[in-house]
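As a plain string of letters, each chain reads:
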Amino acid sequence: MDKIPTYTRTGVVEKPQVRRNMSARVLILCSVTVVVWLWSASRCTFAAKDSVMLPLHAEETLQKCSMLHAKPGPPPDFARRTQSDRFVDGTRATLLKNASLWTGDPLQYEIHGADILLDKGIIKFLGHASEEILANYGDLLTVDVGGSWVTPGIVDMHSHLGVYSLPGLSGAADTNSHKGPILPWLRSLDALNTHDDAYRLSISGGVTTANVLPGSSNAIGGQAFVIKLRPTEERSPSSMLLEPPYTINDTRVDPTLPPRWRQMKHACGENPSHSYGNTRMDTFWAFRQAYDTARKIKESQDAYCAKALAGEWDTIDDFPENLQWEALVDVLRGRVKVHTHCYEAVDLDDFVRLTNEFKFPLAAFHHAHETYLVPGTLKQAYNNTPAAALFATNARYKREAYRGSEFAPRILAENGIDVVMKSDHPVLKSRYLLFEAQQAYFYGLSANLALSAVTSTPAKVLGLGHRIGFIREGYDADIVIWDSHPLALAATPKQVWIDGIAQIENPYISEKPIAFQSLPSTPDFGEQAKVAIEYQGLPPLMPNRAKADTIVFTNVSSVYERTWPSIQEVFSPRDGESGVVVVRKGEIACYGSRPACLASISSLDQEFESFDLQGGSISPGLVSYGSPLGLEEIHSEKSTHDGVVLDPLSSDIPDLLAGHEVMLAVDGLQFAGRDTLLAYHAGVTSAITPPSSRGFVAGMSTAFSTGAAHALEEGAVIQDIAALHVNIGHQGSRSPSVSSQIAALRHLLLDAASGTPFDRVAKGEIPLVIQAQNADIIASLIKLKKEVEVSKCVDLKLTVTGAAEAHLLAKHLGEANVGVILTPSRPFPMTWEMTRILPGPPLTKDSAITTLLAHGVKVGIGIIEGWNARNTRFDVAWAALESSGRISKSEALALASTNLEELLGVNPIVSSSGDLVATLGGSMLDLEAKVVGIISPRRRSVEWL
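Residues numbered from 1 in each chain as written. Predicted model: local features only at pLDDT ≥ 70, side-chain atom pairs only at ≥ 80, totals over all residues. Heavy atoms only, no water.

Look at helix α17 (residues 738-750): 18 Å from first C-alpha to last across 13 residues, which is about the 18 Å you get at 1.5 Å a residue. Within α17 the residues assigned to the buried category are Val738, Gln741, Ile742, Ala744, Leu745 and Leu749. Down the axis of α17, the sector holding all buried residues measures 160°, keeping them to one side. Structurally, α17 contributes buried residues whose contacts are with β30 (724-727), α18 (757-762), β31 (768-772) and α19 (775-792). (Helix = DSSP H or I, 4+ residues; strand = E, 2+ residues; numbered from the N terminus. Expected span 1.5 Å × (residues − 1). Buried < 20%, exposed > 50% of the residue type's maximum accessible area, 1.4 Å probe, protein only. Arc of directions from axis to C-beta. Contact = heavy atoms within 4.5 Å.)

Structure below.
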């Protein structure tokens, strides 16, 4: 489908704001002139004494030599094209009327009440379409956008779509080769799977373009390719490509056009080291060896061409080239966008030195967790300052990511460095890439730079800023209409166009509050950003206890409290009224109007602190579940976590543990970890965590405070034992069959020795929490529950967690009184057991959460990795926002608090004494709000954050 573009001028399209590539035009003209002159002057070159016959390949060689120094870019007349090379015949022209545009163009980021005309795969007109302009379109599809926000399609600059296909199956595991650390000759195109379930889901999140990279196991992993995500009639990987270099399966170029940009993946640090048992020294020596090889080839080519252009044919033979190394030679010629997976200062500095030693430009550092600490180092890179492609809050999963900061985007931008937010799909799901931009904005990146970070900035870094990433006349018709401001939490596409083709059939649109059509305000994190730099990414996180026993919160807009087993809003001030909450020794003594509550302060409260919440709120602290939070600090460093328990179905249990095979998470708790404390700062005041397991029986979970310093501190351990946890499914290569696992569970429940954890479950004393994703497995568990209940004459407390396909059994789960904890809260088809998800708007009207709730199922939400605990407040808000009003604020808060506590066996009395959270400027569900204090009845204090 790599069609030759047409570039004839029409009266409809005005020239976009793209400068002509005059240098490319001059270079090409001169090169062709030289070739023609050399060839046509004579087939022979005459010297003083003899003549040399030109070889048959002379013309081709001279053309090749003339193009060696040509720089990539669009043809000089690209801006005058009338049709995209990706246009599909028969596509109707579409007029979007009355749009609120965010264009990506710094000259005018926003245009309100605008019309956009899409035709021939490009944006033909932008402004207010007159009848004269529209008269040429007899079959025009008109869509009244109604003032909705419209942006360029999202560009994911770091994705493994198609090479890490979902669901994950061994037959399509093509992300990394393990044939050696240096593999520049490999190409992601050769592994691009067109049947990846994630394409459709990513489009539903507004993603239209992705840079598909090889993985990071190798120092040089191979060549990347940029694709458009829409399905094509050809159904081939090649038909998805956007401006592939050269011809798709060749390395020759058209001598009349500039070459196209190529993309290549590099990686430094832990990943290549661990893959090959190397050190950083080994990796960088491998880099230097590889580039030295490429440099020698480049120099021999340059010397060869100097002789050829001088007519010294008798001194040269065949053109020196090597198919394995040609792409790396192109890097040295400045024709490849190099994307380097690189985290910390030592690796960043190493790679910058490498660029200067071998004189090649670097497009971007990816992941780049410490770039914000060394912006000056990035500016020392050869020829240009690379961009930083970041996660918003995903960090601390390995040592080199430990100093990652949520303030990195703003700090880098303040230092003049281009910021890109990326997914690393499926590490983060490409569907939710916009959420990364929203978080970057929340923590201080400007609104325009945050949106640019997923549109125009990655487009420019990829060398494609002449056709994607902006809403401009003449650009590709990749457009997204949003149901709210794109930086408002849970913003969801109403429709997505790729190459002018609508991608979502019958989209479902959630009803959002009118306020969500405006750019949300965000908290001030300026001081925290400064401290992050001061402490080199590890600022102090322990809370500060209030000096006074009595705290008076003023300007309170709402108060929510636990009223087991739910949450209720107990106070909301009347119009013009100023709400006040008085807290004495960690307990709310009064809430209500200012006169009433201030009168309650007695003479004993002479020393009290007052805090203005500026329209903020007080609500129950949230609970985290699903990750190893509290049991590990750095996932990839074994010495920093409790470890994995032995599995009685696939491991030999030592005699010493006979009769005590069920482990207690409370015995392995670790306090004051960074993920734990960051969760506390985000209003997640407790966590319920089972032992880490890759097998059948995980063990007994425990509930603990995320803000405690150590296990002996008052209120640190909230409940020693909460529930018994079991995993059913394909946990690993050594897992027995699912039927074997269920048979073992049946035996343990029906024949358990008295007083054992399984006996306590069978007696209905504690919940049995089973990790299961697949609907068929969950159905078997429902039947097993009924079997045990009949045998034991008790009501079994059963909770299913994971539960990606639980919505298929919502009615049966409700009837059987089985609770569900969705982990994660927005399921994704990561494995075969998770393929039948309910994706929610815009693909389906209902989400998994709303479907389960509608059938009377008690629902909680969880996470998978500890770093994500801090985002729990946004997860519950998201659930409410996409429910079209079916989930209230109180019900949303319950999803990650009282519902979880009930489902996981926390005693109601213990739950009722849970912490409360004070937020500044809004409620826990608002992007505008900032958590400023924790009210702790257990510790009889207020703590400032």
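The subject of this paragraph is helix α14 (residues 526-534). Every buried residue belonging to α14 is among Gly526, Ala529 and Ala532, and all of these are buried. All buried residues of α14 lie within an arc of 120° about the axis, which places them on one face of the element. Opposite the buried face of α14, by more than 90 degrees, sit the exposed residues Glu527, Lys530 and Glu534. Residues of α14 that are buried make contact with α10 (408-414). Of the residues trailing α14, Gln536 is marked for its positive phi of about 50°.

Quick look at the sheet that holds strand β32 (residues 798-802) now. Spatially, β27-β30-β31-β32-β33-β34 is the arrangement adopted by the 6 strands of the open sheet, whose pairing is mixed. Lying at the two open borders of the sheet, with one neighbouring strand each, are β27 (697-700) and β34 (859-861). The average angle at which neighbouring strand axes cross in this sheet is 20°, direction not considered. The sheet contact formed by β30 and β31 spans 4 bridges and is parallel. When the bridges of β31 are listed, Val726 appears paired with Ile770. (Pairing = 2+ DSSP bridges. Axes fitted to C-alpha atoms, helices over the stretch in contact; angles between N-to-C directions.)

In this section: the nonpolar core. Among soluble globular proteins, nonpolar side chains are generally buried collectively. Leu745 and Leu813 are the most contacted members of the largest nonpolar core, which has 191 residues in total. Excluding anything up to four places from it in sequence, Leu813 contacts Ile778, Ile782, Ala806, Val818, Val820, Leu852 and Val857. (Core = buried A, V, L, I, M, F, W, Y, C linked by side-chain atoms within 4.5 Å.)

What follows concerns the state of the cysteines. Scanning the entire structure with this criterion turns up 3 disulfides. Through a disulfide, Cys268 is tied to Cys342; the S-S separation comes to 2.2 Å. In this pair, Cys268 is assigned in the loop between β11 (262-267) and α5 (270-276) and Cys342 in strand β12 (residues 336-342), connecting sequence segments 74 residues apart. Per residue, the accessibility class of Cys268 equals that of Cys342, and both read buried. Each bonded cysteine of the chain gets a number by its place in the sequence, and the pairs then read 1-3, 2-4, 5-6. (Disulfide = S-S within 2.5 Å.)

Interaxial distance between α17 and α19 falls to 11 Å at its minimum, and their mutual angle equals 20°. As far as their axial angle goes, α19 and α17 are roughly parallel. Taken as a pair, α17 and α19 cross one another with a handedness that is right-handed. Counting all contacts with α17, which are made through Val738, Ile742, Leu745, Arg746, Leu749 and Leu750, the residues of α19 involved are Ile777, Ser780, Leu781, Leu784, Glu787, Val788, Ser791 and Lys792. (Parallel < 35°, antiparallel > 145°, perpendicular 65-115°, else oblique. Left-handed = near helix turned anticlockwise from the far one by under 90°.)

Secondary-structure assignment places Gln324 in the loop between α6 (280-309) and α7 (326-332). Those residues in contact with Gln324, other than ones at most four positions away along the chain, are Pro184 and Trp185.

As a further point, take the side chain of His425. Take His425: it is sitting in the loop between β15 (419-421) and α11 (433-442). In this structure the side chain of His425 is engaged in a polar contact, spanning 3.0 Å, whose partner is the backbone nitrogen of Ser430. In this structure His425 touches His158, Ser159, His160, Leu161, Leu166, Ala198, Ser430 and Phe828, once residues within four positions along its chain are discounted. (Polar contact = N/O pair within 3.5 Å; in protein donor to acceptor, adjacent residues only side chain to side chain.)

Another aspect to go through is the environment of Glu561. Turning to its location among the elements, Glu561 is positioned in strand β20 (residues 550-563). Put simply, Glu561 and Ser912 are 351 residues apart on the chain and 8.8 Å apart in space, counted from C-alpha to C-alpha. Residues within four places of Glu561 in sequence aside, it is in contact with Ser566, Ile567, Gln568, Val570, Ile588, Tyr591 and Pro620.

Ordered in space as β25-β26-β28-β29, the 4 strands form an open sheet in which the pairing is mixed. Unpaired on one side and paired on the other, β25 (622-625) and β29 (717-719) mark the two borders of the sheet. Strand-to-strand twist of the sheet, defined as the mean angle between neighbouring strand axes without regard to direction, takes the value 30°. In terms of strand pairing, β25 meets strand β26 (residues 684-689) through 4 bridges, oriented parallel. Within the sheet, the bridge partner assigned to Tyr625 lies in β26 and is Ile688.

Here we take up the packing of aromatic side chains. Under the definition given, this model contains 26 aromatic pairs. Centre to centre, the rings of Phe287 and Phe351 are 5.4 Å apart; their planes meet at 85°, and the pair counts as edge-to-face. Here Phe287 is found in helix α6, whereas its partner Phe351 is found in helix α8 (residues 345-358), with 64 residues between them in sequence. Residue classification places Phe351 among the buried positions, given a relative accessible area of 0%. Relative to Tyr475, the ring of Phe470 has its centre 5.9 Å away and its plane inclined at 75°; by these criteria the two rings are edge-to-face. Residue Phe470 is classed as buried on the basis of its relative accessible area, which comes to 4%. An aromatic cluster is built from Phe407, Tyr432, Phe435, Phe442, Tyr443, Phe525, Phe874 and Trp878, whose rings are joined through pairwise contacts. Above the ring of Trp261, the side-chain terminus of Lys337 is found at 4.2 Å from the ring centroid. A cation over an aromatic ring shows up here: Lys422 above the ring of Phe391, its NZ or CZ 3.3 Å from the ring centre. (Phe/Tyr/Trp six-rings, centres within 6.5 Å; stacked < 30°, edge-to-face > 60°. Lys NZ or Arg CZ within 6 Å of the ring centre and 35° of its normal.)

Looking at the element boundaries, Gly500 is found in the loop between β17 (493-498) and β18 (501-502). For Gly500, a relative accessible area of 8% gives the class buried. Sequence separation between Gly500 and Arg92 is 408 residues, and the spatial gap between their C-alpha atoms is 8.3 Å. Setting aside anything within four residues of it in sequence, one finds Gly500 in contact with Thr91, Gly121 and Ala477.

The subject of this paragraph is unusual backbone geometry. Following Trp564, the chain continues into Pro565 via a peptide bond in cis, with omega recorded as 5°. Relative to the elements of secondary structure, Pro565 occurs in the loop between β20 and β21 (566-571). Of note, the bond from Pro841 into Pro842 is cis; its omega dihedral lies within 30 degrees of zero at 5°. For Pro842, the location among the structural elements is in the loop between β33 (819-822) and α21 (848-854). Residues other than glycine seldom take positive phi values, yet Glu243 does so here, at roughly 45°. Looking at where Glu243 falls in the secondary structure, it is placed in the loop between β10 (220-228) and β11. We classify Glu243 as buried; its relative accessible area is 11%. A positive phi angle is found at Ser884, which is not glycine, with a value near 55°. Residue classification places Ser884 among the partly exposed positions, given a relative accessible area of 28%.

On to empty space enclosed by the protein. Here the structure, examined in full by the defined rule, presents 11 cavities of 30 Å³ or more. In this structure, the largest cavity encloses a volume near 240 Å³. Residue lining of the largest cavity: 26 residues in total, with Arg431, Tyr432, Arg826, Trp878 and Glu882 positioned closest to the centre. Every element with two or more residues in the lining of the largest cavity is listed here: α11, α21 and α22 (872-881). Taken together, the residues of the lining of the largest cavity sort by class into 15 nonpolar, 7 polar and 4 charged. Looking at the second largest cavity, its volume works out to about 100 Å³. For the second largest cavity, the lining is made up of 15 residues, of which His369, Phe391, Ala392, Gly404 and Ser405 are closest to its centre. In the lining of the second largest cavity, the residues fall into 6 nonpolar, 6 polar and 3 charged. (1 Å grid on protein atoms, 1.4 Å probe; cavity = no way out; pocket = protein on both sides within 12 Å on 5 of 7 lines; lining within 4 Å. Points joined across faces, edges and corners; volume = space filled by probe spheres on them. Nonpolar A, V, L, I, M, F, W, Y, C, P; charged D, E, K, R; others polar.)

As for its placement among the helices and strands, Ser890 is situated in helix α23 (residues 889-895). When neighbours within four sequence positions are excluded, Ser890 is seen to be in contact with Tyr560, Ile567, Gln568 and Glu569.

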